[in-house]
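Reading the structure
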Amino acid sequence: MRTLPFDVVAPALVAALLLGCSASAPAPTAATAPAAPDTPMGAAAAGPMQPEYDAKDGEGRASAAHEKAEDAAPVAEVAAPAPPAAPSPVVVGRSAAAERSSKPAAGPRAPAGAAPAPKKLSAQALAAVRPAPPPAPIAAPAPEPQGSEAYRDYGVNPVEDPAKDRLSTFAIDVDTASYAIARRKILEGSLPPYQAVRAEEFLNYFDYGYAPPATGPFAVHIAAAPSPFTVGHHLVRVAVQGKRVPLKERTPVHLVYLVDTSGSMHSPDKIELAKKSLRMLTESLKPGDTVALCTYAGSVREVLPPTGVESKGKILAAIADLTAGGSTAMASGIDLAYDLAARTLVKGHVNRVIVLSDGDANVGPTSHEEILKTIKRARDKGITLSTIGFGQGNYKDEMMEQLANQGDGNYAYIDSEAQARRVFSEQVGGMLQVIARDVKIQVEFDPELVKSYRLIGYENRNVADRDFRNDKVDAGEIGAGHSVTAIYDVELKPAALKGGASPLVARLRHKAPLGSDKAEETVFRMAPGAIAPTFDAAPADLRFAAAVAGFSEILRHSPHARSWRLSDVEKIARGAASSKGDQQEFIGIVRRASALAGGRPDAVIANAAR
């Protein structure tokens, strides 16, 4: 093996050591450093390995709080000292030919006052100037994981015996974000985390064409058919359709756009899509409506005070100027938004804050629980709150859903310009015009006719049976044109199939959109003839809803759907879908999810865990 002459190596090595130790002597330049032979120096020892943070896919349905606690726990690590970095002016291992080719013919002159080349040192002198390694730390905290998403597992409703509990009570939910999130992930090549799947938001994403009410705020449609998934079971659908309100009859609305402009929003599918969404929403407003705009990042900013939609150009210009950058202080932004909303708080009008964010509120002294309390206090004063989610990678679904639930508003997710048009143009009436508040549903099953029942979804909207008539208990709201669908998996007794008796009764309790806090109650009894003799004989809207419910049950790893197959879901959807674009798209989404799962039911779990 060739060795380098000491008088060639020493000057460069000493210069590297002195620079690495921040010595006071000036560093040699490339011109003063001697050319090194083409034999490379020994490689520096590698630094400490960083631990991997691949989340473990634990068995069962662990709560989000438990998962977060595991993620936040520091990991002890004994780290070896890192070697000093080689200074860039010293060229080591460069070939003589390369050195010659890079120099001018006469060679550069050293500038006046340049440091002389370092003197040759003995081996003993080199050892004396070599720095002592720093002491190794006993333990180092794990770096904060980047690109994490937060979802909460609400579990799956159990099977109930009506002889022991004949009442099923829950609050209305018209959110749709869960389906939009799952669709995006499937289209991009992965199955959604099971915690991200909320069956009711899958069901309520679609327009089933329910008949509107002849009078009153809503109509209720109840139907049943044999289950296509489980032999001997029936699926019962309870559907609520809200009345539609023409634009000219809509109550004036006063909106505050609260836009997250933190650095995590800096991408086309976040801040730019949020700006397009707000432009669409602004174009949907009418004279008499007002808009205010504020932002939050490292600090909060009032971009536009309450402004009448007659000055639409001014509103659109303020939206166009939005940019992203900084950290996230959501609580301060919400406080400012409510201050702006208070300026236009008019009795009888709609006052709403609309939050557009990826939910990544990671800076600020205010906890999420305190934010929710602030939202509740504002809601009690008449200012509601809706949330619109954007992006992926660090998306905080749980946070966005809780904000909207506490604020008596809607929660939607925007993954494309087409989805923005759906939410802010085609279905905007449901966001802007409330037709019923604190809507609760209670379904009573006759134990003489029903052996068991299970509600698919609405796990985080459950209401205690005793609180159905407690008007102080908060529930959901219905906007103009909104529809709500609930599916029950039921075992009927033979007597129920003979006809002449109704196996269930549905009751709705709601408050008027404005005025009295005294709720009204309406009773809807299921007609015996509403049970179809076969699944294929059931109405198309019921069959399509069954496909959607089955899809959500499989994706969320419901223990009741272990034998259900995505191929069956696709077949049912294909036979029941209308010509509407969202229903036709659903067929393709199911087919793609089946391909991602490899065509096997258990592959859904295996792929979703990746």
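Let me sum up the structure you'll find in this document. (Residues numbered from 1 in each chain as written. Predicted model: local features only at pLDDT ≥ 70, side-chain atom pairs only at ≥ 80, totals over all residues. Heavy atoms only, no water.)

**Things to note about the nonpolar core**
Of all hydrophobic cores here, the largest spans 46 residues; its most connected members are Phe544, Phe551 and Phe586. Only α5 (177-187), α6 (199-203), β2 (218-226), β3 (234-242), α15 (540-555), α16 (566-576) and α17 (581-596) provide two or more residues apiece to this core. Among the elements that take part in this core, α15 stands out by supplying 10 residues, more than any other. Apart from the residues lying within four places of it in its own chain, the contact partners of Phe586 are Tyr179, Phe206, Phe544, Ala547, Val548, Phe551, Val569 and Ala573. By size, the runner-up hydrophobic cluster in this structure holds 36 residues, among which are Ile222, Ile441, Val443 and Ile478. (Core = buried A, V, L, I, M, F, W, Y, C linked by side-chain atoms within 4.5 Å. Buried < 20%, exposed > 50% of the residue type's maximum accessible area, 1.4 Å probe, protein only. Helix = DSSP H or I, 4+ residues; strand = E, 2+ residues; numbered from the N terminus. Contact = heavy atoms within 4.5 Å.)

**Topic: the packing of α16 against α17**
As a packed pair, α16 and α17 sit with axes 9 Å apart at the nearest point and diverge in direction by 165°. Between α16 and α17, the crossing angle belongs to the class labelled roughly antiparallel. The hand of the α16/α17 crossing is left-handed. The residues of α17 that touch α16, namely those facing Leu566, Val569, Glu570, Ala573, Arg574 and Ala576, are Gln583, Phe586, Ile587, Val590, Arg591, Ala593 and Ser594. Looking at the contact of α16 with α17 residue by residue, the class counts come to eight nonpolar, two polar and three charged. (Axes fitted to C-alpha atoms, helices over the stretch in contact; angles between N-to-C directions. Parallel < 35°, antiparallel > 145°, perpendicular 65-115°, else oblique. Left-handed = near helix turned anticlockwise from the far one by under 90°. Nonpolar A, V, L, I, M, F, W, Y, C, P; charged D, E, K, R; others polar.)

**So, the environment of Val259**
Mapped onto the elements, Val259 comes out in strand β4 (residues 253-260). Taking the C-alpha atoms as reference points, Val259 and Met330, 71 residues apart in sequence, are found 9.7 Å from one another. Setting aside chain neighbours within four positions, we find Val259 in contact with Ile271, Leu278, Leu293, Cys294, Thr295, Tyr296, Leu322 and Leu356.

**Some words on the environment of Lys440**
Within the secondary structure, Lys440 is located in strand β10 (residues 434-445). Of the residues examined, Lys440 reaches a relative accessible area of 2% and is grouped as buried. Along the backbone, Lys440 and Leu508 are 68 residues apart, and their C-alpha atoms lie at a distance of 5.7 Å. Not counting residues within four places of it along the chain, the set of residues in contact with Lys440 comprises Phe170, Ala171, Asp467, Phe468, Asn470, Asp471, Val473, Ala475, Arg507, Leu508 and Arg509.

**Some details on α17**
The end-to-end C-alpha separation of α17 is 23 Å, in line with the 22 Å expected for 16 residues at 1.5 Å each. Residues Asp582, Gln583, Phe586, Ile587, Ile589, Val590, Ala593 and Ser594 constitute the buried set of α17. Angularly, the buried residues of α17 cover 165° about the axis, an arc narrow enough to put them on a single face. Facing away from the buried side of α17 by over 90 degrees, the exposed positions are Gly581 and Ala595. Where the residues of α17 are buried, they touch α5, α12 (417-426), α15 and α16. In the stretch just after α17, Gly598 is the one whose phi turns positive, near 70°. (Expected span 1.5 Å × (residues − 1). Arc of directions from axis to C-beta.)

**Digging into the sheet that holds β2**
Pairing is antiparallel in the open sheet, where four strands are placed in the order β2-β3-β13-β11. Two strands in the sheet have a free side with no partner beyond their single neighbour: β2 and β11 (450-456). Shown here is a sheet whose adjacent strand axes are inclined to one another by a mean of 20°, direction ignored. Here β2 pairs with β3 via nine bridges, running antiparallel. Directly across from His221, in β3, lies its bridge partner Ala239. Where α15 meets the sheet, its contacts fall on β2, β3, β11 and β13 (483-492), and the angle it forms with β13 comes to roughly 80°. (Pairing = 2+ DSSP bridges.)

**Describing the side chain of Arg352**
Note on placement: Arg352 falls in strand β7 (residues 350-357). Accessibility expressed as a relative area gives 0% for Arg352, which makes it buried. Of the polar contacts made by the side chain of Arg352, one reaches the side chain of Glu477; its length is 3.0 Å. (Polar contact = N/O pair within 3.5 Å; in protein donor to acceptor, adjacent residues only side chain to side chain.)

**Topic: the environment of Ile441**
Within the element layout of this structure, Ile441 appears in strand β10. With 67 residues separating them along the chain, Ile441 and Leu508 place their C-alpha atoms 4.8 Å apart. Discounting chain neighbours no more than four positions away, the residues touching Ile441 are Ser168, Thr169, Phe170, Ile172, Val240, Phe468, Arg507 and Leu508.

**A short note on the packing of aromatic side chains**
Per the counting criterion, the structure on display carries 18 aromatic pairs. Look at Phe170 and Tyr458: their rings are 4.6 Å apart centre to centre, the planes differ by 40°, and that puts the pair in the tilted class. Here the residue Phe170 occupies a position in strand β1 (residues 167-171), and Tyr458 occupies one in the loop between β11 and β12 (476-479), the gap between them amounting to 288 residues. The aromatic ring of Tyr205 is capped on one face by Arg422, whose charged end is 3.8 Å from the ring centroid. (Phe/Tyr/Trp six-rings, centres within 6.5 Å; stacked < 30°, edge-to-face > 60°. Lys NZ or Arg CZ within 6 Å of the ring centre and 35° of its normal.)

**Let's talk about the pairing of β3**
With nine of nine residues buried, β3 is to be regarded as a mostly interior element. With burial as the criterion, each face of β3 is covered, one bearing His234, Val236, Val238, Val240 and Gly242 and the other bearing Leu235, Arg237, Ala239 and Gln241. Pairing analysis gives eight bridges linking β3 to β13, with the strands arranged antiparallel. Residue pairing for β13: Leu235 is matched across the bridge by Asp489.

**Section: the packing of helix α10 (residues 368-381) against helix α11 (residues 397-406)**
Taken N-terminus to C-terminus, the directions of α10 and α11 make an angle of 25°; their axes are 9 Å apart at the nearest point. Comparing their axes, α11 and α10 come out roughly parallel. Considering the relative orientation of α10 and α11, their crossing is right-handed. Where α10 approaches α11, its residues His368, Ile371, Leu372, Ile375, Lys376 and Arg379 are matched on the opposing element by Met399, Gln402, Leu403 and Gln406. Across the contact of α10 with α11, the residue classes break down as five nonpolar, three polar and two charged.

**Things to note about the pattern of salt bridges**
Considering all chains together, one arrives at 37 salt bridges under this definition. The partner of Glu444 in a salt bridge is Arg166, with the nearest N and O atoms 3.1 Å apart. One end of the pair, Glu444, is in strand β10; the other, Arg166, is in the loop between α4 (123-129) and β1, and 278 residues separate them in sequence. For Arg166, a relative accessible area of 37% corresponds to the partly exposed category. Its salt-bridge partner being Arg250, residue Asp289 comes within 2.8 Å of it at the nearest N-O pair. One end of the pair, Asp289, is in the loop between α7 (268-283) and β5 (290-296); the other, Arg250, is in the loop between β3 and β4, and 39 residues separate them in sequence. (Salt bridge = Lys/Arg side-chain N within 4 Å of Asp/Glu carboxyl O.)

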